[in-house]
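# Observations on the model geometry
Listed here are the chains, written in short residue letters.
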Amino acid sequence: MRLALINFLRNQRDLTMTFDGGKLTRKKFWSIHITTPRRQSFCLELDDVTGISQTGQYRAESTMKWIELIGPSRIIAIGSDKGSNANKGRRLVTTKHPHIFDLCDACHNIHNACKDVCSIEGFKETIAELRALLSFMSTSTYTRDLFDAARSRLGIKRRVVSRSDTRFGTVYWSLESVLEGMPAFKKLAIEADLYSLDKENKLRVMFEDERAAFNVETSLKELRVILLPFARAIQCLEARETTPADVYTYWVAIVAQLHDLILADDSLKTRSRYSTITKEEIRRIANYRFSELIDNQRSSNIYLTAFYLDPSNRSATIYTQPNPLAIQPVKVTLSGPVRATPTVTASKEPNIVARVGKSLQSILQQEYSAVYTEGTQVKDAREKMKEINPYLAGYSPKDALDMLREQVKAYSKGYPPFHPRILAALAIKIFSAMPTSIVDERAMSIIKWINSARRNRQRVSTVSNQLAIRNVVVLDENDKRTKPLSVKWRDMKATIHRKQKATGTTVTDPVDLTGDDGDSIEEGAEESGDELELHQQDWMDADLPEDRLQHPADAFQLADEFDLSHFRDILSDSAPVVPEPQSGRSEEEDIDEGRGKEESAQDAATTLPDDEEWDRFI
């Protein structure tokens, strides 16, 4: 079966490889998955790493084994979480094969932003109260039984969701469940004597006094609205049809929500809910985590590029909106005798088209540089290009670069489709990349089913084989989906229900996209198995990263580039008024197709533009 799978993958293109860590009862492993552009995912291996030092070098070697077996030309992206060994492993792989995108998992990135928000000084007391309540509810079975009975009488469906290392944005979902169950908590506190709850009972301490209960609820709501866009974006990104364009879209949507929230809070003036320091930290965290993922040069800036190559995002009306939160340059004169007058200024970023153009040129350069090497004849290089990217095989690097520049400019002006399709060839590669490693996270849940309590002595290799068989068994050969699916939050349940009805499965409510079965206190009191890479640190005890200090706190960087009003509804509960669509300009473009098609015995390396030419977008 594995041989058949390898043969199948050797005939595919634009594959994404992801890896992640996990454990069975006493054994540790690395999962290695591969995903096709149609989002068919297969487990290649669960690598037993029990007793092995899991360095970045080891991670790279275990991954490279499969890349060489399938064929480097078939792989376009490699992704994982942000662990130091994972980062080094990806870096070593992409250094050897520069055409492969180096992608850090977007869900982990936004999850880490949630942890950073929880570490802000202004929220520490709220987090401490939440921690104490969750801890008490997980240990006091009597109180939990009373709570379940009370919420049942009040018509509250959701139980208290415990903190879980196996769920992204876990603090938000725990907090949300506590707020939903607030009437039941208050009712139990009022009727404490009836149920013989002692004075030290946490519910009585927090909710018996009306003012104390109000303060707890208010502080939880204040934290909730900050975490809400992050948590919703994570769940939207967990869809298997997610593309790099979606990652950028949801990040802009997160910033749009936070931007509106801070503006609304500023308008309250003396009655504002958040301190200036807290709002500055929120901006800094958003800027830092966005930059960490999106501005990573090793990913070739494919997130912004994919976002721009989505025709619905090409309209100029969403770009270059002045930032209403930006502070104008200020001159500060220091006291004392003659002093210099420092001026606060911000460097101007290149415009969107130029940045996208440079990114595409960089990707195009990597496509050619692997085969157009010194000592290789042009005709031989073109034959190799048929394996690397057949869409580009008929063109020399110089001709392809010139045509790409013209096509990017034509696309920005809304001209009709192009031929030859250099831009389209790169777009196919970009949109085929899977920007999250959610397939590995879902595999961990399946592994828990396979390695149940009665079968917990299985070898890692045995579980690996069963998981590989399951991937093939559930493969839907009739699934012809090729279009990406970008889900807005308000459409989540309708979209999921529609899929379930189409496949004949039972529709349940509420829907949990994480794949974790036992996330409630009653069902998930014991945490084991498929833990995320959280660097072995509790989300409530994490310190704010030092690197965030290098990022601005006075404004959201994305607000300088986008009119955020176009994105605020993506994570909202209701739809806004739809504006009138703008029509694009339509003109025919004539391109000479005959250039660069004559085979030559010339050295292929001499036909490559120099590095300065690749980096210059004109």
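Residues numbered from 1 in each chain as written. Predicted model: local features only at pLDDT ≥ 70, side-chain atom pairs only at ≥ 80, totals over all residues. Heavy atoms only, no water.

### A closer look at the environment of Pro-552
Locating Pro-552 in the fold gives a position in the loop between helix 20 (492-503) and helix 21 (611-615). Among residues more than four places away in sequence, those in contact with Pro-552 are Arg-283, Arg-284, Asn-287 and Gln-557. (Helix = DSSP H or I, 4+ residues; strand = E, 2+ residues; numbered from the N terminus. Contact = heavy atoms within 4.5 Å.)

### Some words on helix 13 (residues 302-309)
Within helix 13, eight of the eight residues are buried, which leaves the element mostly enclosed by the surrounding structure. Within helix 13, burial applies to Ile-302, Tyr-303, Leu-304, Thr-305, Ala-306, Phe-307, Tyr-308 and Leu-309. Buried-residue contacts for helix 13 involve strand 5 (101-104), helix 11 (244-267), helix 12 (276-294), helix 14 (352-369), helix 16 (397-412) and helix 17 (422-432). (Buried < 20%, exposed > 50% of the residue type's maximum accessible area, 1.4 Å probe, protein only.)

### Things to note about the confidence of the model for the protein chain
One rule of thumb: low pLDDT means the predicted coordinates there are not for detailed reading. Summarising the model, the protein chain shows a mean pLDDT of 77, and 78% of its residues fall at 70 or more. Note that pLDDT drops below 50 for residues 500-537; the model gives that stretch 84 contacts with residues more than four away or on any other chain. Across residues 581-599 the pLDDT falls below 50, and counting only partners more than four positions away or on other chains, this stretch makes 34 contacts in the model. (pLDDT = per-residue confidence, 0-100.)

### A look at the sheet that holds strand 5
Read from one edge to the other, the open sheet built from five strands follows the order 3-2-1-4-5, with strand pairing classed as mixed. A strand with exactly one partner marks an edge of an open sheet, and here the two such strands are strand 3 (41-48) and strand 5. The sheet shows a mean angle of 20 degrees between the axes of neighbouring strands, taken without regard to direction. Relative to strand 4 (residues 75-80), strand 1 (residues 15-23) is paired through four bridges, and the arrangement is parallel. What sits directly across from Thr-16, in strand 4, is Ala-77. Sitting on the sheet, helix 1 (residues 2-10) is in contact with strand 1, strand 2 (28-35) and strand 3, with an inclination near 125 degrees to strand 3. On the sheet, helix 18 (residues 438-450) packs against strand 1, strand 2 and strand 3 and is oriented at approximately 125 degrees with respect to strand 2. (Pairing = 2+ DSSP bridges. Axes fitted to C-alpha atoms, helices over the stretch in contact; angles between N-to-C directions.)

### Points about unusual backbone geometry
Of note, Asp-14 is a non-glycine position whose phi angle comes to about 55 degrees, a positive value. Looking at the secondary structure, you find Asp-14 in the loop between helix 1 and strand 1. Residue Asp-14 is classed as buried on the basis of its relative accessible area of 17%. Despite not being glycine, Asn-301 shows a phi value in the positive range, around 55 degrees. Its location among the elements puts Asn-301 in the loop between helix 12 and helix 13.

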